[in-house]
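Spelled out from the first residue to the last, the chains are:
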Amino acid sequence: MMMVKVSNGTLTPLFVLILNSERNLEMSKNPLRDGIGPWPTSIRDQESLKETMSATEQKTIEREARLWEEEYGTLKVIPSSTRELPSKALLLFSEILDFKHLKKVLDAGCGIGRNAIYLAQKGCEVHAVDISQTAISKLQRAALRAEVRERITIYNIPLRETFPFENNSFDLVLDSYVFCHFTDEDFKQNYRKELHRITKPGGIVFSSLFSEEDEYYKKIIQNGYGKENIVTDPKNGITKRLYTEAEIKDFFSTHFDILYFVKFEFEDIVLGLPYRRSILALALRKPA
Ligand SMILES: C[S@@+](CC[C@H](N)C(=O)[O-])C[C@H]1O[C@@H](n2cnc3c(N)ncnc32)[C@H](O)[C@@H]1O
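Quick caveat: nothing in here was measured; it's all calculated off a predicted structure. (Residues numbered from 1 in each chain as written. Predicted model: local features only at pLDDT ≥ 70, side-chain atom pairs only at ≥ 80, totals over all residues. Heavy atoms only, no water.)

1. Section: the site of the ligand
Phase 1 of the analysis: Neighbouring residues of the ligand: 20 residues in total, closest Tyr 72, Gly 109, Arg 114, Asp 130 and Ser 176.
Phase 2 of the analysis: Contact distances for the ligand include 2.6 Å between an oxygen atom and a side-chain N or O atom of Asp 130.
Phase 3 of the analysis: In this structure, Leu 159 approaches the ligand through a main-chain N or O atom, which is 2.7 Å from a nitrogen atom.
Phase 4 of the analysis: The protein chains hide 99% of the 590 Å² of surface that the ligand would expose on its own.
Phase 5 of the analysis: Looking at the shell around the ligand, the elements that each hand over two or more residues are helix H3 (55-75) and helix H5 (114-121).
Phase 6 of the analysis: In the shell around the ligand, the residues fall into 10 nonpolar, seven polar and three charged. (Near = heavy atom within 4 Å. Polar contact = N/O pair within 3.5 Å; in protein donor to acceptor, adjacent residues only side chain to side chain. Areas by Shrake-Rupley, 256 points an atom, 1.4 Å probe, with all protein chains shown as cover. Helix = DSSP H or I, 4+ residues; strand = E, 2+ residues; numbered from the N terminus. Nonpolar A, V, L, I, M, F, W, Y, C, P; charged D, E, K, R; others polar.)

Okay, here's the thing in structure tokens:
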């Protein structure tokens, strides 16, 4: 059974239908091409950015990149590391919000591109950033299969102090399970500031993350791999911060209006076992 709570918005049965049927949705089934061919849009290389980083920052970024490479390359612990379907939170907000006005989109920490491709298929001009080269290669192949490569600009770079985008650039910025991996307070505040800076006035930020009630992460904390709400998955070494509704609303409301807040739960398989996942998702608006 699916439980969905929407505040500041109306829930119609259609949303529940969409959330329940996610596993049944299919993306293009074209066979993978052998090579990806020349990519028409810019791909910036992490190596060229290294010169501009301090030694400490370089070390942090290298560690993060290594963990995500292992996750996407061999471990595949996190369901979204292999999932091609758009996230439930994005599907839900796609029904609530009018995408006609959301043309230019940033998918921050895009992973293998399940959301970037969905948004490109909806006609958006998507800019997709990720630290993992393996994830980016998978996104490139998926974009070819879905025939949306012309609409996706890819950046294989880490998001760090200053995002490489102009002020007020995007109608929509997607933070789909990315912010929750940042636990350093200064970095978190800087990330929020950057989300705000690059979003157009009146533009939207979608953020989704795990609640402290999530069964998979709760179990890991009980097994001794976490402290309070910060949990490090022993299966891939990746750290996450879990949030309550009040905490995440407080965090984002300093810079954004909260248009919609949604909490939903569903059963998902992680490493072959079923868990009750618990998700918090927000649609935020940068004041005009
Ligand atoms: C849990 S995955 C979510 C992927 C995607 N947003 C989705 O919903 O399927 C988190 C993603 O954030 C990326 N990531 C983590 N830290 C990053 C950073 N500092 N800069 C850019 N990407 C980062 C990881 O490589 C990974 O693809």
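Further notes follow.
2. Observations concerning the pattern of salt bridges
Phase 1 of the analysis: All chains considered together, the criterion is met by 13 salt bridges.
Phase 2 of the analysis: One salt bridge connects Lys 188 with Glu 185, and the closest N-O pair in it is separated by 2.9 Å. Separated by three residues within a single helix, Lys 188 and Glu 185 lie in helix H7 (residues 185-198), roughly one turn from each other.
Phase 3 of the analysis: Between Glu 265 and Arg 276 there is a salt bridge; the shortest N-O distance is 3.5 Å. Taken together, the positions of Glu 265 in strand S10 (residues 257-270) and Arg 276 in strand S11 (residues 273-285) put the pair 11 residues apart, joining distant regions of the chain. (Salt bridge = Lys/Arg side-chain N within 4 Å of Asp/Glu carboxyl O.)

3. So, the environment of Gly 272
Phase 1 of the analysis: Checked against the element boundaries, Gly 272 lands in the loop between S10 and S11.
Phase 2 of the analysis: Along the chain, Gly 272 and Val 77 lie 195 residues apart, while their C-alpha atoms are 9.9 Å from each other.

4. Structural notes on the environment of Glu 147
Phase 1 of the analysis: Residue position: Glu 147 is located in the loop between helix H6 (133-145) and strand S4 (152-155).
Phase 2 of the analysis: As a C-alpha pair, Glu 147 and Ala 120 span 27 residues in sequence and 9.5 Å in three-dimensional space.

5. A closer look at the sheet that holds strand S8 (residues 230-232)
Phase 1 of the analysis: Spatial strand order, S7-S8-S9: three strands in an open sheet with antiparallel pairing. Single-partner strands in this sheet number two, and they are strand S7 (226-227) and strand S9 (239-241).
Phase 2 of the analysis: Note: S7 against S8, two bridges, orientation antiparallel. In the strand pairing of S8, Lys 227 is matched with Ile 230. (Pairing = 2+ DSSP bridges.)

6. Side note on the nonpolar core
Phase 1 of the analysis: With 77 residues, the main nonpolar core has Leu 119, Ile 152 and Phe 206 as its most contacted residues.
Phase 2 of the analysis: Beyond its immediate chain neighbours, meaning those up to four positions away, Phe 206 contacts Leu 90, Phe 93, Leu 97, Phe 99, Leu 172, Val 173, Leu 174, Asp 175, Leu 282 and Ala 283.
Phase 3 of the analysis: Core analysis: the next-biggest nonpolar cluster, separate from the first, contains 11 residues, Ala 65, Ile 78, Ile 131 and Ala 135 among them. (Core = buried A, V, L, I, M, F, W, Y, C linked by side-chain atoms within 4.5 Å. Buried < 20%, exposed > 50% of the residue type's maximum accessible area, 1.4 Å probe, protein only. Contact = heavy atoms within 4.5 Å.)

7. Looking at the pairing of strand S3 (residues 125-129)
Phase 1 of the analysis: Of all five residues that make up S3, four are buried, and the element is covered over most of its length.
Phase 2 of the analysis: Sheet topology note: the strand S2 (residues 104-108)/S3 ladder contains five bridges and is parallel. In the sheet register, Asp 107 faces S3, and the bridge partner there is Ala 128.
Phase 3 of the analysis: Handedness of the crossover is the feature at issue here: the chain leaves S2, passes through H5, returns alongside S3, and the resulting connection is right-handed.
Phase 4 of the analysis: Each parallel crossover has a hand, and for S3 linked through H6 to S4 it is right-handed. (Right-handed = clockwise from strand over helix to strand, strands pointing away.)

As far as function goes, none of this settles anything; it's purely spatial.
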